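# Fold and geometry: a report
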Amino acid sequence: MLDLKYLRENLEDVKRRLATRGGVADLSRLKGLDEKRRQIITEVEALKNRRNTVSQEIGRLKKRGESADDLIKEMQEVSQRIKTLDGELEGCERELKEFLLTIPNIPHSSVPEGRDATENRVVRKWGEIRNFTFNPREHTEIGEALGILDFKRAGKIAGARFSLLRGVGALLERALINFMLELHTTRHGYTELLPPFIVNSESMIGTGQLPKFEEDLFKIEGWGHYLVPTAEVPVTNVHRDEILDESLLPLCYTAYTPCFRKEAGSYGKEVKGLIRQHQFNKVELVKFTTPETSYEELEKLTNDAETVLKELGIPYRVVILCTGDMGFSAAKTYDIEVWLPGQGRYVEISSCSNFEDFQARRANIRYRPKGGGKPRFVHTLNGSGLAIGRTVVAILENYQTENGEVVIPEALRQYMGGMERIVREGAGSVSMGQRQ
RNA sequence: GGAGAGGUGGCCGAGUGGUUGAAGGCAGCUGCCUGCUAAGCAGUUGUAGGGUAACCCCCUACCGAGGGUUCGAAUCCCUCCCUCUCCGCCA
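Residues numbered from 1 in each chain as written. Chains lettered and ligands numbered in written order. Predicted model: local features only at pLDDT ≥ 70, side-chain atom pairs only at ≥ 80, totals over all residues. Heavy atoms only, no water.

Here we come to the overall build of chain A. Within chain A one finds 13 helices and 16 strands. Here the C-alpha coordinates of chain A stretch approximately 100 × 55 × 40 Å along the principal axes. Every one of the 436 residues in chain A was classed for burial, and the buried ones make up 50%. Pairs at least 24 apart in sequence give 74% of the contacts found in chain A among residues at least 6 apart. Taken together, the 63 basic and 64 acidic charged side chains of chain A have centroids lying 2 Å from each other. (Helix = DSSP H or I, 4+ residues; strand = E, 2+ residues; numbered from the N terminus. Buried < 20%, exposed > 50% of the residue type's maximum accessible area, 1.4 Å probe, protein only. Contact = heavy atoms within 4.5 Å. Lys, Arg positive; Asp, Glu negative; His and termini not counted. Charge placed at Lys NZ, Arg CZ, Asp CG, Glu CD.)

Structure (structure tokens):
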């Protein structure tokens, strides 16, 4: 949510900068609503002042046993008028608030202007793309042949866009979660959290998923709660409605959660394999910082996510999203994309953003500056560190051997009982039985 | 799911209709005093919105949330949320 005062004073500039996101936001209603609101406030507060003064006078008169009937009669009318105006004010403020909640964040000045993903810019690349002496296979083929991925049975249990991991496949997923959490807590200074996987609507509004993007979420029928689409939601809302001490900042959290997404509107896109699922695992990084340090912290956070790929030896590139491709709440976003030889393309594995005070204003997260003074909104940041399922894909495709086995990256072996490669085992695979 | 208790300022804790934004205590801040420390004395200390050039000042709102009664509500009534205790159930 943007600051109403800032909008009032910089309306034209904000319009121009939001226009670079595409899907032109119509801010024309704003001025009228804002002026109407302040006009009602002025009137109703004057009346309340009068009521407070006179009510005290009535109390004094009654104590002395004198009549206050005239004043009471007058105040009955004043109270009626106040009630009417309060009603109008509430309507006006609700309209204003609802409107403000639908306006996206203003892109940071360092974000390149552009319409869509084709105008994102590559910032840096890391790692050598492997030269295969054979035709590299996709992860689905590798995984199913090894008996560690089973999409057929996942479809039976839950439907399309779900997966079933088996044996070493499940172990690999679990090892990656442990590896990433340990890396971020012991080497990068994050505190590990294990939050609820179900949240209320206030939390979803706080981080910006609601009210605009309800169709992307799984809502629990009859309860009004939602499955988390990312750990960003519960972890950012940890400090909702709080005033933090500046000495605590930057506050850095890492959390593993499963993520649940409807993926509405992605029909036909990446229907096969682990790339796009209704449920996937992710280790998330979240920071609360002062406004002065948030961009510095964004660079660090992105580096922390990159370290995971460096440790695993998987080639990647970092791109900065252009204005037209950024998410609703972000002021600046770097995507990290891994190289997938089986598909011959880069695929997003992490998205690291600075939201500045956009989420903090929605969720009312503030800090008390050193040496006192008025509370200020913190800046919030987050990034995947990393998406686990896509990391599995990257490992299978980058570390596959010609005979269909997969070498386990060295950094990961201590989390897999010293295992060095994934091979097909008798127990690792059970062919589909006959249907009854 | 059943029965009961409770939600007040940074914290503890008074307050059942009329200068109560809220006693008292703790913590914090500012003076004074005192070899140091500790103690003592006096004062001060919330958030948001509106007015305003203004973080001075004035006004309004806020005692879990939302309604209601009243000239006037932290105080009375209704609904909801949350926490705690006991019972049941349960990983």
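Inspection of the region around RNA strand B gives 25 residues, with Ser 55, Gln 76, Ser 79, Arg 366 and Arg 368 positioned closest. The sugar-phosphate portion of RNA strand B accounts for 79% of its atoms within 4 Å of the protein, the bases making up the rest. The side chain of Asn 52 places a nitrogen or oxygen atom 3.3 Å from a phosphate oxygen of RNA strand B. Between RNA strand B and the protein, one listed contact pairs a base nitrogen with a backbone N or O atom of Ser 55 at 2.8 Å. Among the elements of the structure, helix 1 (4–9), helix 3 (28–63), helix 4 (69–101) and strand 12 (365–368) are those that each provide at least two residues to the surface near RNA strand B. Looking at which element gives the most residues to the surface near RNA strand B, the answer is helix 3, with 13 residues. Of the residues in the surface near RNA strand B, the class split is five nonpolar, seven polar and 13 charged. (Near = heavy atom within 4 Å. Polar contact = N/O pair within 3.5 Å; in protein donor to acceptor, adjacent residues only side chain to side chain. Nonpolar A, V, L, I, M, F, W, Y, C, P; charged D, E, K, R; others polar.)

Moving on to the side chain of Arg 413. Within the secondary structure layout, Arg 413 lies in helix 13 (residues 410–413). Put simply, Arg 413 is tucked away with no salt bridge, and the nearest opposite charge, on Glu 420, sits 4.5 Å away. Every residue in contact with Arg 413, bar those within four places of it in the chain, is listed here: Val 407, Ile 408, Gly 418, Met 419 and Glu 420. (Salt bridge = Lys/Arg side-chain N within 4 Å of Asp/Glu carboxyl O.)

Look at helix 4: 47 Å from first C-alpha to last across 33 residues, which is about the 48 Å you get at 1.5 Å a residue. Contact partners of the buried residues in helix 4: helix 1, helix 3, helix 8 (201–207) and helix 11 (358–363). (Expected span 1.5 Å × (residues − 1).)

This part takes up the sheet that holds strand 6 (residues 242–245). Pairing is mixed in the open sheet, where three strands are placed in the order 6-12-13. The outermost strands of the open sheet, each flanked by one partner alone, are strand 6 and strand 13 (376–377). Pairing analysis gives two bridges linking strand 12 to strand 13, with the strands arranged antiparallel. Residue pairing for strand 13: Arg 366 is matched across the bridge by Phe 377. (Pairing = 2+ DSSP bridges.)

A few words now on unusual backbone geometry. Residue Leu 210 is joined to Pro 211 through a cis peptide bond whose omega torsion reads 5°. Mapped onto the elements of the fold, Pro 211 is located in the loop between helix 8 and strand 4 (219–220). Look at the link from Leu 249 to Pro 250: it is a cis peptide, with omega at -5°. The phi dihedral of Glu 263 is positive, around 55°, even though this residue is not glycine. Accessibility expressed as a relative area gives 14% for Glu 263, which makes it buried.

As a working rule, side chains carrying opposite charge can pair if their charged atoms are close by. Overall, the coordinates contain 27 salt bridges when judged by the stated rule. For Glu 93, the salt bridge goes to Arg 37, with nearest N and O atoms at 2.7 Å. Within this pair, whereas Glu 93 is found in helix 4, its partner Arg 37 is found in helix 3, the two being separated by 56 residues in sequence. On the basis of relative accessible area, Glu 93 is assigned to the partly exposed category, the value being 32%. Note that Glu 405 is salt-bridged to Arg 421, the shortest N-O span being 2.9 Å. One end of the pair, Glu 405, is in the loop between helix 12 (388–398) and strand 15 (406–407); the other, Arg 421, is in strand 16 (residues 421–422), and 16 residues separate them in sequence. Salt bridges sharing common partners tie together Arg 8, Asp 34 and Arg 38.

Here the focus is the packing of aromatic side chains. According to the stated counting rule, one finds seven aromatic pairs in the structure shown. Ring centres 5.7 Å apart and planes at 80° place the aromatic pair Phe 328 and Phe 358 in the edge-to-face group. Remark: Phe 358 occurs in helix 11 and Phe 328 occurs in the loop between strand 9 (316–320) and strand 10 (332–340); sequence separation between them is 30 residues. For the pair Phe 328 and Phe 358, a shared accessibility class is recorded, and that class is buried. Joined through ring pairs, the aromatic side chains of Phe 213, Phe 328 and Phe 358 make up one cluster. For Arg 29, the ring lying beneath its charged end belongs to Phe 99, and the centroid distance is 4.6 Å. (Phe/Tyr/Trp six-rings, centres within 6.5 Å; stacked < 30°, edge-to-face > 60°. Lys NZ or Arg CZ within 6 Å of the ring centre and 35° of its normal.)

Grouped together as the largest cluster of nonpolar side chains are 57 residues, with contacts concentrated most on Leu 172, Leu 176 and Leu 412. Counting residues per element, this core draws most heavily on helix 7 (residues 168–186), at ten residues. Counting 19 residues, the second-largest nonpolar core is a separate cluster that includes Leu 30, Leu 101, Ile 103 and Phe 358. (Core = buried A, V, L, I, M, F, W, Y, C linked by side-chain atoms within 4.5 Å.)

A few words now on the sheet that holds strand 4. The strands making up a sheet associate through backbone hydrogen bonding, with each pair oriented either parallel or antiparallel. With respect to topology, three strands assemble into an open sheet ordered 3-5-4, the strand pairing being antiparallel. Edge strands, defined here as strands with exactly one partner in the open sheet, are strand 3 (198–199) and strand 4. As defined by bridge partners, strand 3 adjoins strand 5 (residues 225–227) across two bridges and the pair is classed as antiparallel. When the bridges of strand 5 are listed, Ile 198 appears paired with Leu 227.

That's the geometry; what it means functionally is another story.
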